[in-house]
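# Structural overview
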Amino acid sequence: FVPEAADVPCVNAFALDSVLRSDTQVSIAGKVDGKPVGITSSFADQSIEMTGLGLSLPACVPFSLNLPALKWFTFGNLFHWPDRIEVNGTIDGKAVKLVWVFSPKVITVTGDSLKLADFIPETAKIPLLNSFAFLKLEYTESTLSVSGTVKAKNVSVVRDNTAKTIKVTGDDLKLADF
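Summary of the structure given here. (Residues numbered from 1 in each chain as written. Predicted model: local features only at pLDDT ≥ 70, side-chain atom pairs only at ≥ 80, totals over all residues. Heavy atoms only, no water.)

What follows deals with the packing of aromatic side chains. Counted according to the given criterion, the structure contains five aromatic pairs. These aromatic residues form a ring-pair network of at least three members: Phe63, Trp100, Phe102 and Tyr139. A cation over a ring is seen here: Arg84 above Trp81, with NZ or CZ 4.1 Å from the ring centre. (Phe/Tyr/Trp six-rings, centres within 6.5 Å; stacked < 30°, edge-to-face > 60°. Lys NZ or Arg CZ within 6 Å of the ring centre and 35° of its normal.)

This is the structure:
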């Protein structure tokens, strides 16, 4: 019914209950692991929306498991376009958006009150970064990059996922800041 949905990993376990089709969209009801899931495919923007208790972030975006803080992610809904998946949800009741761009394979995470140390635990040992205000995270297989601010200064923290090294850069940072 919706061929593009095959690109969304969590669809593989979908059991169909019913299909409704109109001139503008297809609405599908079913279950994943016995829990209800709804899928709506819009013809106008070629998007697919999925909602329901049967969905989880690791099932839909498998390499999200590489980001420790996402283990607390509560699934809201998923939108799929031909080039990306966008998942909305919460961590500790605060809004979080995860975008997985297929090529190149990149995950971007934005959200309210996220903590740098939840994503890069070793930064908790750097006093300057305890007041880091999270703006955006970008994850690839080779690097994890988090941008934010510290005392109104733009700061970027990049972890090399292979070497496990961390690089901190920013506007007007001085050795005394550390």
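This paragraph deals with the pairing of strand β11 (residues 153-160). Where strand β10 (residues 143-150) meets β11, eight bridges bridge the pair, whose relative direction is antiparallel. Following the sheet pairing, Val146 is matched in β11 by Val157. Here β10 folds back onto β11 in antiparallel fashion, the turn holding two residues, of which Lys151 has a positive phi close to 50 degrees. Pairing of β11 with strand β12 (residues 165-170), which is carried by six bridges, proceeds in the antiparallel orientation. Bridging from a neighbouring strand, Val158 pairs with Lys167 of β12. (Pairing = 2+ DSSP bridges. Helix = DSSP H or I, 4+ residues; strand = E, 2+ residues; numbered from the N terminus.)

Two elements, strand β2 (residues 25-32) and strand β3 (residues 35-42), share eight bridges in a ladder whose sense is antiparallel. Along β3, the bridge assignment pairs Gly30 with Val37. The turn linking β2 back onto β3 is made up of two residues, and Asp33 within it adopts a positive phi angle of 55 degrees. When β3 meets strand β4 (residues 47-52), the two strands line up antiparallel, connected through six bridges. Bridging across to β4, Thr40 finds its partner in Glu49.

Scanning all chains against the criterion turns up three salt bridges. Residue Lys31 pairs with Asp17 through a salt bridge whose shortest N-O separation is 2.9 Å. Taken together, the residues Lys31 in strand β2 and Asp17 in strand β1 (residues 14-21) connect sequence positions 14 residues apart. Overall, Lys31 belongs to the partly exposed group, its relative accessible area being 34%. Taking the shortest distance from any N to any O, the salt bridge between Glu86 and Lys97 comes out at 3.7 Å. Note that Glu86 is positioned in strand β6 (residues 84-91) and Lys97 in strand β7 (residues 94-101), a separation of 11 residues in sequence. Looking at Glu86, the relative accessible area reads 15%, which means it is buried. (Salt bridge = Lys/Arg side-chain N within 4 Å of Asp/Glu carboxyl O. Buried < 20%, exposed > 50% of the residue type's maximum accessible area, 1.4 Å probe, protein only.)

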